[in-house]
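Understanding the architecture of this molecule
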Amino acid sequence: MSPATPSAEPATPKASWWRVFRGHQGRNLWYIGFFLPFLVGLVTFVYIPMVWSTYLSFFDARNTIQPTRFVGLDNYRYLLNDQMFRNSLGVFVVFALLIVPLTYVCSLGLALLLQGAKWGQAFFRSVFFLPTAVSYVIAAMVWRLSLFNGARFGMANSILRQLGGENINWLGGTTWWYWPVVISLRLWLQVGFYMILLIAGLNRIPQDTYEAAALDGATGWRTLRYITLPQLRTSTVAVMMLLLIGAFQAFDEFYNLFGSIGSYPPYARPPLVHMYLISLGGTQQDLGLGGAATVIITTIIVLFGLGQNWLLGRSERKERG
Amino acid sequence: MIGIMNLNRRHLLTAASGLAATATLAACGSNKGDLGGSTSATTGSTGSSGGAKPVLNQWYHEYGEPGVKEAVQKYAADYADASVKVTWNPGDYGKKLGSALLTKDAPDVFEVEQGGTLDMIQQGQIADLTDIVKPVESQFNPAVMKRFQFNGKYHSIPQVVDMQLLYYRKSVLEKAGVQPPKTFAELTAAANKVATGDMGGFFAGNDGGVGVLGTLFIWASGLDQFDEARTKATFTQQQFYDALTAYRDFSKTKGLLQSASKEWYDGSPIANGETAMQWGGLWSMPDIQKALGDDFGVLPFPAIGAKGRVAVPFGAFGACVNAKGKNVEAAKKFVSWLWIDQEDKQVEFADAFGTHIPSKTALVQKASKLKEGPGADAAKFVSENGFTNDIMWTGPLGDAFGAAVTNVIKKNADPAQEFKKVETLAAAELKRVKG
């Protein structure tokens, strides 16, 4: 349609730019109509604050968003010299190393079990998914006040004593016992969600691949190792990435498990919690410091993502020869 | 500090959303205000009474006790020279106020813990109230006024005072043959003597007390946070380190109850008989009284070491005026009327709903709950032994301090080494906040 001969149909030059702009059947207008509201929201609520907080990070911006005192890289220097900030990155690494593989294995295990279940699939899928609907804050309260209360009537301690053990002060920080509390909490909350993602992935694997494998004599573990896992690669990559980002964003459960009035212990402190405490804790509003911390944390997440992409891409390239 | 308690308990619950929301709203809120020009507040004010009376917006955080909201609305309605609109702010009041003060929608009158932060003063967010407070300063609790003054100026009028203190079970201590402890050595001895399998000796939180007691070790060992000119930390001395190691030794005995059903800011542990002594808030006194009747007494935190002194931490909400508001003069008149002149209202506000201490010394006698018994003792402690964080005790500094205290008490770190870092940070922070 586009290469219309000019001699046959002399179009008025005025209308032509509009026609080009509209696109075929007004496609461009539709595109703009659908896309613009989203773009406006994105710019207003995501990009402007991002750029602004980067701008603020170079200023002494306490209780103001129009700072006047330029301090250069002082905020960054402060954070990078802050022992506790570096410790918090260590907490993230430990947390991620524990929660990411554990959630993946448990979610995959549940997904495979459900896949093989003869009855009650829908029921159990809902049951395992339900905790996802619970708020982190509420779950943290239940974990802190009733399940893992350090007093003798905490549920975990009651069971321990029944078994002849001693009371454990779970969250007290003198021991490492707080890790099982944090890990079990997040595992319980998120395992169902990732199970659903993996079930979706499993459903996409063609049934005849399994049939062919069965004809070749592959069963049980061998099917899992050579058929299911390789076919599930894209879902695995997505799930791992989401888990890692989720681990980096850990805030709610830590804050509500360990925080007290106006104080938070120095242990079990992931980056976001530390950043919150030193920039917005109490009544203060140090937006410059907060901005700098945001930039540093974002940089780390981006580097992690690029690294992971590169690693997975490399293994894929290797596989293809 | 019931205010602080409520705020923070809710704060725990709303932390997650608060974090995200503040960061975004702080940027966007003011952005909108600046670009949009007129705000809804201005349109509202012209509508009511032909512009004769100025309209003042007043903010409170949510007080937990029933009746407070109605009371402050009544106070506002009683004021003749302006029409005062009260906004009750459930949720994270501190963050909400902080964000609002960056915009043109900020309230004209609002309450702030400890009478305003250093940043609020330095950024010119709260108006100088020296001319109305100075003439009557001697009427107020001296410990509170010392804290409310900055560089010889007042930016706030104290509303009510809250505090923390030591509760003990009279009958339990008597039965064990121990006196209510005046020194830390007596406290550890008493706690260990009364502790049984069912009842702990002393409880100060499920973190072993390090969170809430931290700065008390400074004051109770006879030291202060900074020197007079606020140039350096002055507590990094042997007597403070000895206090920490004394508490560390205590925390390894059965006398210190490490875990209870609730936190220190709830009266339940002592009321339920989980512990013989508990560090708690004045706000818990009605609950404890209900459960134990006369069988309890109160004390300040005991003195630690040879140069030690007893101490109680206090907190006070103060009424502030928005320096960038439209009716600064009218707002100043209103806070002066409510928090300086209207003594009946001040007594009612402190006494009728919860248990707070009126900020004017003479009014303490008029508060029914503070006339006699433990209430009267508590009120006396604030005036005589009251301490609170210095205005330049910044968030990062408090955080680093808390971390060092935890490391010493829980991880057996060497205090001198731990606090060397805090000392360096304190000097840097003091320099930084002075600008």
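Just so you know, these numbers come straight off a predicted model, no measurement behind them. (Residues numbered from 1 in each chain as written. Chains lettered and ligands numbered in written order. Predicted model: local features only at pLDDT ≥ 70, side-chain atom pairs only at ≥ 80, totals over all residues.)

**A closer look at the overall build of chain A**
The following threshold applies: A run of DSSP states H or I qualifies as a helix once it reaches four residues; a run of E qualifies as a strand once it reaches two. Both are numbered from the N-terminal end. C-alpha atoms define the radius of gyration in this analysis, and the globule rule sets the expected value at 2.2 Å times the number of residues to the power 0.38. Residues are called buried when their C-beta atom has 20 or more other C-beta atoms within 10 Å, exposed when it has 12 or fewer, and partly exposed otherwise; all C-beta atoms are positioned from the backbone. Contacts here follow a simple rule: the backbone-placed C-beta atoms of the two residues must lie within 7 Å.
Counting secondary structure elements, chain A contains 14 helices and zero strands. Secondary structure elements in chain A, listed N-terminal to C-terminal, are α-α-α-α-α-α-α-α-α-α-α-α-α-α. Computed over its C-alpha atoms, the radius of gyration of chain A comes to 27 Å, more than 25% above the 20 Å expected for a compact globule of 321 residues. Dimensions of chain A along its principal axes, counting C-alpha atoms only, are 100 × 75 × 40 Å. A burial count over chain A gives 31% of its 321 residues as buried. Nonlocal contacts in chain A, meaning residues at least 24 apart in sequence, comprise 64% of its contacts between residues at least 6 apart.

**Considerations on the overall build of chain B**
Check the secondary structure of chain B and you find 19 helices and 13 strands. Across the 435 residues of chain B, 53% fall into the buried class. In chain B, the share of contacts with a sequence separation of at least 24, taken over all contacts with a separation of at least 6, comes to 74%.

**Observations regarding unusual backbone geometry**
Residue and element names in this part refer to chain B. We note that N151 has phi near 50 degrees; this positive angle belongs to a residue other than glycine. Relative to the elements of secondary structure, N151 occurs in the loop between β4 (149-150) and β5 (153-154). Assessed through the 6 C-beta atoms surrounding it within 10 Å, N151 is described here as exposed. Of note, N412 is a non-glycine position whose phi angle comes to about 55 degrees, a positive value. Its place among the elements puts N412 in the loop between α18 (395-411) and α19 (415-434). In this structure N412 comes out as exposed when scored by C-beta crowding, with 11 C-beta atoms within 10 Å.

**A closer look at the interface of chain A and chain B**
When the parts of a complex come together, some accessible area is lost, and that lost area is often taken as the interface size. Condition: Each residue gets one label: Ala, Val, Leu, Ile, Met, Phe, Trp, Tyr, Cys and Pro are nonpolar, Asp, Glu, Lys and Arg are charged, and the others, such as Gly, are polar.
Between chain A and chain B, the residue contacts involve 44 residues of the former and 45 residues of the latter. At six residues, the largest contribution of residues to the side of chain A that touches chain B is made by helix α2 (residues 27-56) of chain A. Residues belonging to the side of chain A that touches chain B are distributed by class as follows: 21 nonpolar, 20 polar and three charged.

**Considerations on helix α4 (residues 83-116) of chain A**
Because the α-helix completes a turn every 3.6 residues, residues three or four places apart line up on one side. Stated precisely, the cut-off is as follows: Helix span, as expected, comes to 1.5 Å for every residue beyond the first.
The terminal C-alpha atoms of α4 of chain A, which comprises 34 residues, lie 50 Å apart, in line with the 50 Å expected from a rise of 1.5 Å per residue. Where α4 of chain A is concerned, the buried positions are S88, F92, F95, I99, T103, S107, L108, L110, A111 and L114 of chain A.

**Examining the nonpolar core**
Put simply, the test is: Only buried Ala, Val, Leu, Ile, Met, Phe, Trp, Tyr and Cys residues enter a nonpolar core, and they are joined through C-beta atoms within 7 Å.
Ranked by internal contacts, the top residues of the largest apolar core, which has 128 residues, are L165 and F217 of chain B. L165 of chain B has contacts with G280, L282, V298, L299, P300, V312, A378 and F381 of chain B, leaving out every residue within four places of it along the chain. Within the second largest apolar cluster, 49 residues are counted, among which are Y178, V182, F254 and F258 of chain A.

**What about the environment of F148 of chain A?**
In this fold, F148 of chain A is placed in the loop between α6 (136-147) and α7 (155-162). If sequence neighbours within four positions are ignored, F148 of chain A has contacts with W143, G154, A156, W170, L171 and V181 of chain A.

**Examining the confidence of the model for chain B**
Put simply, the rule is: Values of pLDDT, which run from 0 to 100, indicate the predictor's confidence residue by residue.
Per-chain confidence: chain B averages 87 in pLDDT, with 88% of residues scoring 70 or above. Predicted confidence for residues 1-50 of chain B stays below pLDDT 50, and this span has 89 contacts to residues more than four positions away or in other chains.

**A look at the environment of Q278 of chain B**
Residues and elements named next belong to chain B. By the secondary structure assignment, Q278 is in strand β9 (residues 275-281). With 24 residues separating them in the primary sequence, Q278 and K254 have C-alpha atoms 15 Å apart. Setting aside anything within four residues of it in sequence, one finds Q278 in contact with Y167, F203, W264, P269 and I270.

**Overview of the confidence of the model for chain A**
For chain A, per-residue confidence averages 88 on the pLDDT scale, and 95% of positions sit at 70 or higher. The weakest mean pLDDT in chain A belongs to helix α1 (residues 13-22) of chain A at 78; the strongest belongs to helix α8 (residues 178-203) of chain A at 95.

**Observations regarding the environment of G308 of chain B**
All names here are of chain B. With respect to the element layout, G308 can be found in the loop between β10 (297-299) and β11 (312-321). In sequence terms G308 and K175 are 133 residues apart; their C-alpha atoms lie 28 Å from each other. For G308, the contacting residues outside a window of four places in its chain are T183, A220, S221, G222 and A303.

**Quick notes on the pairing of strand β7 (residues 200-203) of chain B**
Residue and element names in this part refer to chain B. To keep things clear, this is the line we draw: Whether two strands pair comes down to DSSP finding at least two bridges between them.
Bridge analysis of β7 against β9 gives three bridges, and the strand direction is parallel. Bridging from a neighbouring strand, G200 pairs with T275 of β9. When β7 meets strand β8 (residues 256-257), the two strands line up parallel, connected through two bridges. Along β8, the bridge assignment pairs F203 with L257.

**Considerations on the pairing of strand β3 (residues 109-113) of chain B**
Residue and element names in this part refer to chain B. Most of β3 sits inside the fold, with five of its five residues counted as buried. Here β3 shows two buried faces, one formed by V109, E111 and E113 and the other by F110 and V112. Alignment of strand β1 (residues 55-61) against β3, held across two bridges, turns out to be parallel. Bridging across to β3, Q58 finds its partner in V109.

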